[in-house]
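What follows is each chain in one-letter form.
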Amino acid sequence: MEAPLEEIEFLARSTNRVEVLRLLATRPHTRGELAAATGASQATLGRILEDFAERSWVTREGGKHVATATGELVADGIDDLVAVLETEGKLRDVVAYLPTAEFGFDLRRLADATVTVPSRTRPSAPLQRVLDGMEGAATLRAVSHTLNEQSLATAHDRVVAGRQAFEAVLSPSALEALAGDDRLWTQVRALADHDDAAIRVADGEVPLSVTVADGTVYLLVRDEGGILRAAIHTDDPVVRDWAGETFSEYWEHATPFDPTAFEE
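What you are looking at is a predicted structure, and each value in this text was computed from that prediction instead of being measured.

> Looking at this structure, how should I read helix α4 (residues 42-54)?
Think of an α-helix as 3.6 residues a turn; residues three or four steps apart then line up on the same face. Taking 1.5 Å per residue, 13 residues should reach 18 Å; α4 reaches 18 Å between its end C-alpha atoms and fits that length. Buried within α4 we find Leu45, Gly46, Ile48, Leu49 and Phe52. With its buried residues spanning 170 degrees around the axis, α4 presents them on a single face. Seen from the open side of α4, the exposed residues pointing more than 90 degrees away from its buried face are Arg47 and Glu54. Ser56 lies just past α4 and shows a positive phi near 60 degrees.

> Is there a simple way to explain the packing of aromatic side chains in this structure?
The description of two aromatic rings rests on the distance between their centres and on the angle between their planes. Under the defined criterion, the tally for this structure stands at ten aromatic pairs. Note on Phe10 and Phe52: the rings are 6.3 Å apart at their centroids and 75 degrees apart in plane angle, and the pair reads as edge-to-face. Of this pair, Phe10 sits in helix α1 (residues 2-12) while Phe52 sits in helix α4, placing them 42 residues apart in sequence. The class of Phe52 is buried, set by a relative accessible area of 0%. Among the aromatic residues, those joined into a ring-pair cluster are Phe10, Phe52 and Trp57.

> Quick question: what am I supposed to make of the sheet that holds strand β3 (residues 114-116) here?
Through backbone hydrogen bonds, the strands of a sheet pair up, either in parallel or in antiparallel fashion. In spatial order, the strands read β3-β9-β8-β7-β4-β5-β6-β10; together these eight strands make up an open sheet with mixed pairing. Of all the strands in the sheet, just β3 and β10 (255-256) have a single pairing partner and so form its edges. Sheet topology note: the strand β5 (residues 165-170)/strand β6 (residues 197-201) ladder contains five bridges and is parallel. Bridged to Ala168 within β6 is Ile199.

> It is not clear to me how the side chain of Gln187 should be interpreted in this structure. Could you clarify?
Relative to the elements of secondary structure, Gln187 occurs in helix α9 (residues 182-193). Overall, the relative accessible area of 15% leaves Gln187 in the buried class. Here Gln187 is in contact with Leu152, Ala153 and His156, once residues within four sequence places are set aside.

> What should I look at first to understand the layout of surface pockets in this one?
Which parts of space are left empty comes out when a probe the size of a water molecule is rolled across the atoms. In this structure, the largest pocket occupies an estimated 230 Å³ of space. Lining the largest pocket are 14 residues, and of these Tyr97, His145, Pro207, Arg222 and Asp223 lie nearest its centre. Taken together, the residues that form the lining of the largest pocket break down as eight nonpolar, three polar and three charged.

> What am I meant to see in the side chain of Asn148 here?
As for its placement among the helices and strands, Asn148 is situated in the loop between β4 (139-144) and α7 (149-160). Here the side chain of Asn148 touches Ser151 through a polar contact of 2.8 Å, landing on its backbone nitrogen. If near-sequence neighbours (up to four positions away) are discounted, Asn148 is found in contact with Leu127 and Arg222.

> Teacher, can you tell me more about empty space enclosed by the protein here?
For the structure on display, the rule yields three cavities of 30 Å³ or more. Considered as a void within the structure, the largest cavity measures approximately 150 Å³ in volume. Considering the residues around the largest cavity, the lining is formed by 16 residues, among which Ala142, Thr146, Leu147, Ser151 and Thr211 are closest to the centre. Those elements that place two or more of their residues in the lining of the largest cavity are α6 (125-135), β4, α7, β5 and β8 (216-222). In terms of residue count, β4 provides more of the lining of the largest cavity than any other element does, three residues in total. Taken together, the residues of the lining of the largest cavity sort by class into nine nonpolar, six polar and one charged. If you add up the space inside the second largest cavity, you get close to 40 Å³. Taken together, Arg141, Ala142, Val143, Val210, Val212, Ala243, Thr246 and Phe247 make up the full set of residues lining the second largest cavity. When contributions to the lining of the second largest cavity are tallied by element, the ones reaching two or more residues are β4, β7 (210-213) and α10 (237-253). Its residues assigned to classes, the lining of the second largest cavity comprises six nonpolar, one polar and one charged.

Rules behind the numbers
Residues numbered from 1 in each chain as written. Predicted model: local features only at pLDDT ≥ 70, side-chain atom pairs only at ≥ 80, totals over all residues. Heavy atoms only, no water. Helix = DSSP H or I, 4+ residues; strand = E, 2+ residues; numbered from the N terminus. Expected span 1.5 Å × (residues − 1). Buried < 20%, exposed > 50% of the residue type's maximum accessible area, 1.4 Å probe, protein only. Arc of directions from axis to C-beta. Phe/Tyr/Trp six-rings, centres within 6.5 Å; stacked < 30°, edge-to-face > 60°. Pairing = 2+ DSSP bridges. Contact = heavy atoms within 4.5 Å. 1 Å grid on protein atoms, 1.4 Å probe; cavity = no way out; pocket = protein on both sides within 12 Å on 5 of 7 lines; lining within 4 Å. Points joined across faces, edges and corners; volume = space filled by probe spheres on them. Nonpolar A, V, L, I, M, F, W, Y, C, P; charged D, E, K, R; others polar. Polar contact = N/O pair within 3.5 Å; in protein donor to acceptor, adjacent residues only side chain to side chain.

Given below as structure tokens:
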């Protein structure tokens, strides 16, 4: 284990080393081309190329430097490691709240995801991110343990206006909470009665909050106290397939929404 870690350290100590290896893994380069691409001095490039040659990562063909098969292997591995660490950096502050046990995908699939967290100036930024996605969507599907006032109003208004088809599977506790507010309950009932909307009641509590607005998946991340910690959205096809399958599974086992069951 020590030798591989030493090689990782060797590369990590210099961004120029990583960049040169990446460049040579794509195609042969002259030293001048490497200098122009990286901004490194000729002396620095000379040391890098010599170190790479000693490791058999790079060879020289004519006037150009070429990555060997193992050099390309290392370059691919470094790119993978960088991508993993970039993804980890995005999720570091919210990983404690992620319902990862429910995820049917590798967290690497969130490499291109956008993570929106609250700030002092924008405490509602995660929710607003989801509302923005809902506003532009022609179809919306959701599985959730909650339905907040703003999301309900957005779905209600767009469905009534003929701009959106809406389907949702909600936990019993989410509907019980809505039933406690006359104004919100009126919106829920109106939404459920519309031809372009359908609500079902989950068979038990729902441990996650997933919304699919057209082809984009939104994950609302809350802590144990129900405080919204982040919104994660992605167009990754694997995550999209997982979200679709998750919705279908919950929908299949849910029961049709009967308002009277939640009214005293």
